[in-house]
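Listed below are the residues making up each chain.
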Amino acid sequence: MILKKLFGFDPSVMKVKTEIMAGVTTFLTMSYILAVNPDILSAASMDRGAVFTATALAASFATLVMAILAKLPFALAPGMGLNAFFAFTLVQGMGYSWESALAAVFIEGLVFILLTVFNIRELIVNAIPETLRHAISVGIGLFIAFLGLQKAGLIVANPATFVSLGEFTPSTLLAVGGIIIGGVLVARKVKGALFYAIVAVTLLSIPLGITRIPEGFSLVSMPHSLEPVFFKLDFHSLLSPNMLIAIFSLVFMDIFDTLGTLVGTANKVGMVKPDGSIPKLKPAMMADAVGTTVGALLGTSTTTYAESTAGIAEGGRSGLTAAVVSGLFIVALFFAPFFLLVPGIATAGVLVIVGSFMFDAVKKIRFDDMTEAFPAFVTIIMMPLTYSIAEGIVLGLLTYVSLKLFAGKYRELNLTMYILSILCILKYVFV
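Residues numbered from 1 in each chain as written. Predicted model: local features only at pLDDT ≥ 70, side-chain atom pairs only at ≥ 80, totals over all residues. Heavy atoms only, no water.

Looking only at helices and strands, one finds 19 helices and four strands in the protein. When the backbone C-alpha atoms are referred to their principal axes, the protein occupies close to 65 × 60 × 45 Å. Scored against the burial criterion, the 431 residues of the protein give a buried share of 54%. Of the roughly 18,100 Å² that the protein leaves accessible, carbon and sulfur atoms contribute 69%. For the protein, the separation between the mean place of its 26 positive charges and that of its 24 negative charges on side chains is 9 Å. (Helix = DSSP H or I, 4+ residues; strand = E, 2+ residues; numbered from the N terminus. Buried < 20%, exposed > 50% of the residue type's maximum accessible area, 1.4 Å probe, protein only. Areas by Shrake-Rupley, 256 points an atom, 1.4 Å probe, with all protein chains shown as cover. Lys, Arg positive; Asp, Glu negative; His and termini not counted. Charge placed at Lys NZ, Arg CZ, Asp CG, Glu CD.)

Moving on, we come to the nonpolar core. Of all hydrophobic cores here, the largest spans 114 residues; its most connected members are V36, M46, M80, F86 and I389. Here the element with the most residues in this core is helix 4 (residues 48–70); it accounts for 11 residues. Look past the residues within four positions of M46 in its chain and what remains in contact with it is L41, V51, F86, W98, L102, V229 and G299. Listed in part, the eight residues of the second largest apolar core include L3, F9, M14 and A323. (Core = buried A, V, L, I, M, F, W, Y, C linked by side-chain atoms within 4.5 Å. Contact = heavy atoms within 4.5 Å.)

A separate point is the packing of helix 5 (residues 80–91) against helix 8 (residues 130–152). Any two packed helices are characterised by the angle at which their axes cross and by the distance between the axes. One can describe the packing of helix 5 onto helix 8 by two numbers: an axis separation of 10 Å at closest approach and a directional angle of 65°. The interaxial crossing formed by helix 5 with helix 8 has left-handed handedness. From helix 5, M80, G81, A84 and F88 reach across to helix 8, where they touch I140, F143, I144 and L147. (Axes fitted to C-alpha atoms, helices over the stretch in contact; angles between N-to-C directions. Left-handed = near helix turned anticlockwise from the far one by under 90°.)

Our focus in this paragraph is helix 16 (residues 344–358). Compared with the 21 Å implied by 1.5 Å per residue over 15 residues, the 21 Å span of helix 16 between its first and last C-alpha is a close match. Among the residues of helix 16, those classed as buried are I345, A346, T347, A348, G349, V350, L351, V352, I353, V354, G355 and M358. Of the surrounding elements, those touching the buried residues of helix 16 are helix 3 (33–41), helix 5, helix 8, helix 9 (170–187) and helix 10 (193–205). (Expected span 1.5 Å × (residues − 1).)

Going through the model one piece at a time under the given rule, you end up with eight aromatic pairs. Here F338 and F339 contribute two aromatic rings whose centre-to-centre distance is 5.3 Å and whose plane-to-plane angle is 70°, an arrangement assigned as edge-to-face. You can call F339 buried: its relative accessible area is 7%. What links up through ring pairs into an aromatic cluster is the set F52, F195, Y196, F338 and F339. (Phe/Tyr/Trp six-rings, centres within 6.5 Å; stacked < 30°, edge-to-face > 60°.)

Now for the environment of A135. Among the secondary structure elements, A135 is positioned in helix 8. Residue class for A135 comes out buried when judged on its relative accessible area of 0%. When the C-alpha atoms of A135 and M358 are compared, they prove to be 10.0 Å apart, with 223 residues separating the residues in sequence. When sequence neighbours within four positions are dropped, the list of residues in contact with A135 reads I365, A376, T379 and I380.

Just distances and angles here, no functional claims.
Right, here's the structure in full:
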């Protein structure tokens with residue numbers, strides 16, 4: 001049977017209808033990224049229409065690779081941590097052009113492919129303390145939520161206190177309403193909760209005059225051209241010390257983001273074997289790496305989505321579920337006018353809620369040991385305060401090594417951690 005050969009679909013224990021419904025559920029749950037990603041990357045001066053097309057195509061391609069190569073029901077799309085790092089750290093924070101940032105993502109994808117092929121990723125994963133892995137996830141969540149609160153107008157700049165509570169304008173109140181709507185729908189376990197929250201805020205913003213429908217608006221149109229972002233990679237800055245640190249951070253984030261999502265998702269739906277292993281983990285990681293590389297050429301990045309749990313919970317067990325998600329992203333290309341109409345306040349609530357999802361990892365941090373707890377705290381707090389995911393990772397790592405070393409727990413450190421800390425110190429000395 002062709003479905004079994006292509007997607008690992010076993011008709012003796014699986015149903016086509018169940019796999020299709022699982023795919024639709026996963027797509028609805030993660031489709032908010034079609035509105036959020038263009039909004040975030042436009043902050044890096046990228047063309048919103050082109051980024052929308054790149055987002056849909058990259059998600060479709062990477063998910064199809066997952067369906068065929070790994071034959072698992074996992075979907076991929078641009079990740080919230082990676083796109084925030086791209087726009088607000090690489091471009092706005094470090095001053096690189098978005099073309100240079102795309103080149104960094106492309107190189108990171110190639111590195112990820114090599115690490116997967118030669119099984120080196122396990123060595124890196126094992127070298128980084130578990131506490132820091134969880135802290136990075138929490139820190140990115142806090143950073144993303146902070147971005148959402150800014151977009152909502154709830155947090156504004158203040159010359160005396162740096163930040164303060166913003167005014168409750170109609171726009172801000174609507175953004176708050178979006179957070180509440182999204183939170184309630186998630187709490188009630190509504191499939192596609194974040195997507196529906198975006199739709200609700202967008203529709204409410206029209207009569208309030210916040211969103212204006214352009215003349216000749218049509219819900220359906222031909223896809224926007226990729227030309228403004230397609231193959232626009234600039235490799236000239238790749239050898240600078242800061243960019244090398246950035247590429248390392250991208251690799252680091254992608255490895256743990258992907259592995260953490262795969263492990264977490266598989267655990268939630270009982271796909272982990274008794275010995276703790278996950279079937280087809282290596283091809284799944286390869287699909288993510290290939291998706292990241294091709295996504296950079298298209299004009300964005302991709303990672304495995306935790307929202308895949310929604311479809312798996314509906315009964316999706318094969319690559320057919322992922323193939324359905326892939327097809328729906330292609331269909332979404334023709335609904336660009338709606339997704340690009342979405343105002344920033346509509347995606348603000350999603351950023352806050354997704355940030356709260358990522359904060360879940362804080363309970364896994366060892367707060368009973370100061371040499372574990374304080375580095376985790378530094379990692380988490382410094383990401384939003386420095387407006388940089390990379391700085392949070394670097395400062396957290398340096399704090400971890402310092403505390404372990406001077407507290408007499410140097411035996412808990414490995415050679416890789418010493419090497420990484422030296423590289424981080426050199427970054428601050430010479431950059």
